[in-house]
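Take a look at the letters that make up each chain.
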Amino acid sequence: MVRKKIKEKLLIGFSAIVMSFMLLVPCSMDVYASENLAVESETNEDYGIVPFSDIIEYRYKVIGADVYRRLYNYTEQCWIGEWELCAEGYIRPDV
């Protein structure tokens with residue numbers, strides 16, 4: 001019983017201190033408009049668009065009725081891997 005009263009008094013006292021602190025010390029912040037400053041940035045206008053990763057796509061060729069494909073790196077302009085058959089008899093020779 002005595003502990004309960006002590007806890008209540010401590011809780012009330014702590015609440016009173018917190019409330020008085022909140023009322024006496026207002027949390028305010030001054031906000032001012034700033035001028036719009038022009039920032040000079042280096043652009044890559046001379047070089048155009050510079051990709052961060054290589055551009056790699058398939059190139060296709062037809063031999064007879066068969067279609068072959070091979071990866072080509074457009075950034076470094078070199079072939080990747082070997083020609084592989086991707087469609088056998090896909091194109092009719094009479095067309």
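As shown above, the structure is provided for reference.
Structure report, in brief. What you see is a predicted model; the values in this text were computed from it and never measured. (Residues numbered from 1 in each chain as written. Predicted model: local features only at pLDDT ≥ 70, side-chain atom pairs only at ≥ 80, totals over all residues. Heavy atoms only, no water.)

Some details on the packing of aromatic side chains
Then, in step 1: Counted under the stated rule, the structure contains four aromatic pairs.
Then, in step 2: Ring geometry for Tyr72 versus Tyr74: centroids 5.0 Å apart, planes at 80 degrees, classification edge-to-face.
Then, in step 3: The class of Tyr74 is partly exposed, set by a relative accessible area of 33%.
Then, in step 4: Between Tyr72 and Trp79, the aromatic rings sit 4.9 Å apart at their centres with planes inclined by 70 degrees, giving edge-to-face as the arrangement. (Phe/Tyr/Trp six-rings, centres within 6.5 Å; stacked < 30°, edge-to-face > 60°. Buried < 20%, exposed > 50% of the residue type's maximum accessible area, 1.4 Å probe, protein only.)

Re the environment of Val67
Then, in step 1: Examined against the element boundaries, Val67 turns out to sit in strand 2 (residues 66–73).
Then, in step 2: For the pair Val67 and Ala87, spaced 20 residues apart in sequence, the C-alpha to C-alpha distance is 5.1 Å. (Helix = DSSP H or I, 4+ residues; strand = E, 2+ residues; numbered from the N terminus.)

Section: the pairing of strand 2
Sheet faces and side chains relate simply in a regular strand, where the side chains alternate between the two faces.
Then, in step 1: By the bridge criterion, eight bridges tie strand 1 (residues 56–63) to strand 2 in an arrangement that is antiparallel. Within strand 2, the residue paired with Val62 across the bridge is Val67.
Then, in step 2: Taken together, strand 1 and the strand that follows it, strand 2, pair antiparallel across an intervening segment of two residues, in which Gly64 is found at a positive phi of about 65 degrees.
Then, in step 3: Across six bridges, strand 2 lies against strand 3 (residues 78–87) in antiparallel orientation. Paired with Tyr72 across the strands is Trp79, a residue of strand 3. (Pairing = 2+ DSSP bridges.)

Keep in mind these numbers describe shape, not what the thing actually does.
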